[in-house]
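Residue strings, one per chain:
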Amino acid sequence: MSPVGAYVLQVKATDADDPTYGNSARVVYSILQGQPYFSIDPKTGVIRTALPNMDREVKEQYQVLIQAKDMGGQLGGLAGTTTVNITLTDVNDNPPRFPKSIFHLKVPESSPIGSAIGRIRAVDPDFGQNAEIEYNIVPGDGGNLFDIVTDEETQEGVIKLKKPLDFETKKAYTFKVEASNLHLDHRFHSAGPFKDTATVKISVLDVDEPPVFSKPLYTMEVYEDTPVGTIIGAVTAQDLDVGSSAVRYFIDWKSDGDSSFTIDGTEGTIATNELLDRESTAQYNFSIIASKVSNPLLTSKVNILINVLDVNEFPPEISVPYETTVCENAKPGQIIQIVSAADRDLSPAGQQFSFRLSPEAAIKPNFTVRDFRNNTAGIETRRNGYSRRQQELYLLPVVIEDSSYPVQSSTNTMTIRVCRCDSDGTILSCNVEAIFLPVGLSTGALIAILLCIVILLAIVVLYVALRRQKKKDTLMTSKEDIRDNVIHYDDEGGGEEDTQAFDIGALRNPKVIEENKIRRDIKPDSLCLPRQRPPVEDNTDIRDFITQRLQENDVDPTAPPYDSLATYAYEGTGSVAESLSSIDSVTTEADQDYDYLTDWGPRFKVLADMFGEEESYNPDTVT
């Protein structure tokens, strides 16, 4: 779109001839190829446009052949050529154009809001940003239900749904769409508006839809204790499709766990299914589902809010405390307790409670009730002083009445305990201490007495434990007393021939014999001095040593039998079986005489047979 004569570029040729010699170095420029689009100045080599309004959309590139020729010389003029490639740059000189004036779209009525329901496109022959298009819906019929945006990659107009469609309400929509360039070139404003307009017609397609409730939310009210089966309201849903279907109703138990209400599946009426208690549940919130009979899968849901209205069924009662105290030195007209009322009913705003004495207690009362008219009352004394010895407890019946309909009232009995107080009205004693008051004992005195008793009991228990500890004798085992030593071996001997299996020297301890000590394992009856024992030589025979010790123990008054055991490691000759020790044993088994085993009785018969006549012993007969 450049005008004629617009500068393009300048070319320059050089000639090596001497410029001072004739015209040999004088160069003249001309175009051999590229006309009539461009021209060149023969002297300067400047190339310019030769045609007006060249259009890039018609042709984008041009090749121009330039010749440079000198003006003289003996050779008659020499020439050189070069090729110049010229590319037209794009300008926004073309407006967008719709390929057709009307676009038809078909959209199902069930299309979700925000979804793309169709595309239209305007064509701009320009390139790059000059071809960028902006789409807008012209205000008019149906334009407020739709929106249009530009797809930056394809430069298409995407139509989106802003509001839901309903075939039964409106079946078709018509509106206009305008396409315009985003980037305008002020040099071409005179060429006309750079925009185009097309008409869009949308046909709404009918879709089988679920029933529609008449309200988005249903609110109902019912009094508590309403008889079971009472209808409290109804819901309504309709099938708005062509050839409407019947509707069925049911409660969505997934959203509500109880079964306090039922619904008629055909009529949609809601009724109570159990007695309601506002004090337990003041409000119910659940959902009801409506489905089409022709297509049960098509359902819709609505929330139900049921408020339970209160019925005045509970009388008011005194709030805690039910028990109070009065001083013995109380004066008439003194307020000893402020009481208030509580009602298990959910009291409405402005509920008033009144307080008074019951009629039977109003005759010569010891106390009275003063109503403060603010839902509280005071217990007031009517006597000048009270005596605990005459009467410790007073029962005061108080009547409380509410202002709801029907009126409910109750009689509450308050217990008033007489207490001993100081001159300032501070309570000194009321309960268990009254038993000790005639003796003149105070609380501190009672605590001191109890503490002394506990200490005395602890001292007695400790004394008895110490006495018992002193009576116990400590059992002491002396390693030096040979009578109390037990020589114990855990290894098995090697038989009669093994003389190294044990050491009998431990039985011989001359040092023990020489020491005289009183027995410590028992308590002797009388104190006696130990007898002097003759010293024993180291080579004393063990038989003589044991015999000597046996005689000493026989005449020792402090020796056993008591609770101790004297162990001797020598088998005496008085034993029927004689000694079983390896000491004094015969050298060979053949020298042994086992005939005496037959005299021991039936229990040793097998043993007598084994060690008696070997030829008469048969192991197979032994059981």
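Structure: above.
Keep in mind the model is a prediction, meaning the values are calculated, not measured.

Cut-off values and rules
- Residues numbered from 1 in each chain as written.
- Predicted model: local features only at pLDDT ≥ 70, side-chain atom pairs only at ≥ 80, totals over all residues.
- Heavy atoms only, no water.
- Helix = DSSP H or I, 4+ residues; strand = E, 2+ residues; numbered from the N terminus.
- Buried < 20%, exposed > 50% of the residue type's maximum accessible area, 1.4 Å probe, protein only.
- Contact = heavy atoms within 4.5 Å.
- Areas by Shrake-Rupley, 256 points an atom, 1.4 Å probe, with all protein chains shown as cover.
- Pairing = 2+ DSSP bridges.
- Axes fitted to C-alpha atoms, helices over the stretch in contact; angles between N-to-C directions.
- Salt bridge = Lys/Arg side-chain N within 4 Å of Asp/Glu carboxyl O.
- Phe/Tyr/Trp six-rings, centres within 6.5 Å; stacked < 30°, edge-to-face > 60°.
- Lys NZ or Arg CZ within 6 Å of the ring centre and 35° of its normal.
- Core = buried A, V, L, I, M, F, W, Y, C linked by side-chain atoms within 4.5 Å.
- Disulfide = S-S within 2.5 Å.
- Lys, Arg positive; Asp, Glu negative; His and termini not counted.
- Polar contact = N/O pair within 3.5 Å; in protein donor to acceptor, adjacent residues only side chain to side chain.

1. Concerning the overall build of the chain
Phase 1: Scanning the chain from terminus to terminus reveals four helices and 31 strands.
Phase 2: Here the chain, with 623 residues, has 32% of them falling under the buried criterion.
Phase 3: Contacts spanning at least 24 positions in sequence make up 64% of the contacts within the chain whose residues lie at least 6 apart.
Phase 4: For the chain, the computed accessible surface area is about 40200 Å², with 53% contributed by carbon and sulfur atoms.

2. Examining the sheet that holds strand β10 (residues 146–151)
Phase 1: Taken together, three strands build an open sheet; the order of strands is β8-β11-β10 and the sheet is antiparallel. Only two strands of the sheet have a single partner each, and these edge strands are β8 (116–121) and β10. Going across the sheet, the axis of each strand differs from the next one's by a mean of 30 degrees, ignoring polarity.

3. A word on the environment of Tyr37
Phase 1: Take Tyr37: it is sitting in the loop between β2 (27–33) and β3 (38–40).
Phase 2: Residue Tyr37 is classed as partly exposed on the basis of its relative accessible area of 29%.
Phase 3: Taking C-alpha positions, Tyr37 is 5.3 Å from Leu51, a pair spaced 14 residues apart along the chain.
Phase 4: Leaving out residues up to four positions away in the same chain, Tyr37 has contacts with Arg48, Thr49, Ala50, Leu51, Met54 and Tyr62.

4. Examining the pattern of salt bridges
Phase 1: Scanning the model with the defined rule gives 12 salt bridges in all.
Phase 2: For the salt bridge of Lys292 with Asp239, the shortest nitrogen-to-oxygen distance reads 3.1 Å. Taken as a pair, Lys292 in strand β21 (residues 283–292) and Asp239 in the loop between β17 (237–238) and β18 (247–252) lie far apart in primary sequence, 53 residues in all. Both residues of the pair, Lys292 and Asp239, belong to the buried class.
Phase 3: Glu392 is the partner of Arg417 in a salt bridge, and the nearest nitrogen-oxygen pair spans 3.4 Å. Taken together, the residues Arg417 in strand β30 (residues 409–421) and Glu392 in the loop between β28 (376–381) and β29 (393–402) connect sequence positions 25 residues apart.
Phase 4: By relative accessible area, which is 32% here, Glu392 ends up partly exposed.
Phase 5: Counted as one network, the salt bridges with shared partners bring together Arg119, Asp151 and Glu156.

5. Let's talk about the packing of aromatic side chains
Phase 1: Applying the stated criterion across every chain, the model contains 13 aromatic pairs.
Phase 2: Between the aromatic rings of Tyr386 and Tyr394, the centroid separation amounts to 5.7 Å while the plane-to-plane angle is 75 degrees, which identifies the pairing as edge-to-face. Taken individually, Tyr386 and Tyr394 each receive the classification buried, so the pair is uniform in this respect.
Phase 3: One aromatic cluster in this structure is built from Tyr37, Phe38 and Tyr62.
Phase 4: The ring centre of Phe167 lies 4.9 Å from the NZ or CZ of Lys171, which sits over that ring.

6. As for the nonpolar core
Phase 1: Ranked by size, the top nonpolar core spans 25 residues in total, and within it Phe98, Phe146, Ile159, Val177, Val200 and Ile202 carry the most contacts.
Phase 2: Listed by contribution, the elements that provide at least two residues to this core are β7 (102–108), β8, β9 (133–138), β10, β11 (156–161), β12 (172–181) and β13 (195–205).
Phase 3: Within the second largest apolar cluster, 22 residues are counted, among which are Val222, Leu276, Ile306 and Val308.

7. Things to note about the state of the cysteines
Phase 1: Applying the stated criterion to the full structure yields two disulfides.
Phase 2: Here Cys327 connects covalently by a disulfide to Cys421, the sulfurs 2.1 Å from one another. Residues Cys327 and Cys421 share a disulfide whose torsion about the S-S bond is about -85 degrees; that sign makes it left-handed. A residue pair is termed long-range when its members are at least 10 positions apart, and Cys327 in strand β24 (residues 323–327) and Cys421 in strand β30 qualify at 94 residues.

8. So, the sheet that holds β12
One key point about sheets: their strands pair by backbone hydrogen bonds, in either a parallel or an antiparallel sense.
Phase 1: With mixed pairing, the four strands of this open sheet are ordered in space as β7-β13-β12-β9. The sheet is open, and its two borders are formed by β7 and β9, each paired with just one other strand. Direction aside, neighbouring strands of the sheet carry axes that sit 30 degrees apart on average.

9. Quick word on the side chain of Glu109
Phase 1: Mapped onto the elements, Glu109 comes out in the loop between β7 and β8.
Phase 2: For the buried Glu109, which has no salt bridge, the nearest side chain bearing the opposite charge is Lys292, at an N-O separation of 8.6 Å.
Phase 3: Within the local environment of Glu109, its side chain forms a polar contact with the backbone nitrogen of Phe167, the two atoms lying 2.7 Å apart.
Phase 4: Residues contacting Glu109, with those up to four places away along its chain left out, are Leu165, Asp166, Phe167, Glu168, Val204, Leu205, Asp206, Val207, Glu209 and Asp241.

10. As for the pairing of β11
Phase 1: In this sheet, β11 lies alongside β8 in antiparallel orientation, the contact comprising five bridges. Each bridged residue has a counterpart across the sheet, and for Arg121 the counterpart in β11 is Glu156.
Phase 2: Relative to β11, β10 is paired through six bridges, and the arrangement is antiparallel. What sits directly across from Asp147, in β11, is Lys160.
Phase 3: In this antiparallel pair of consecutive strands, β10 and β11, the connection spans four residues, and Gln155 shows a positive phi of 55 degrees.

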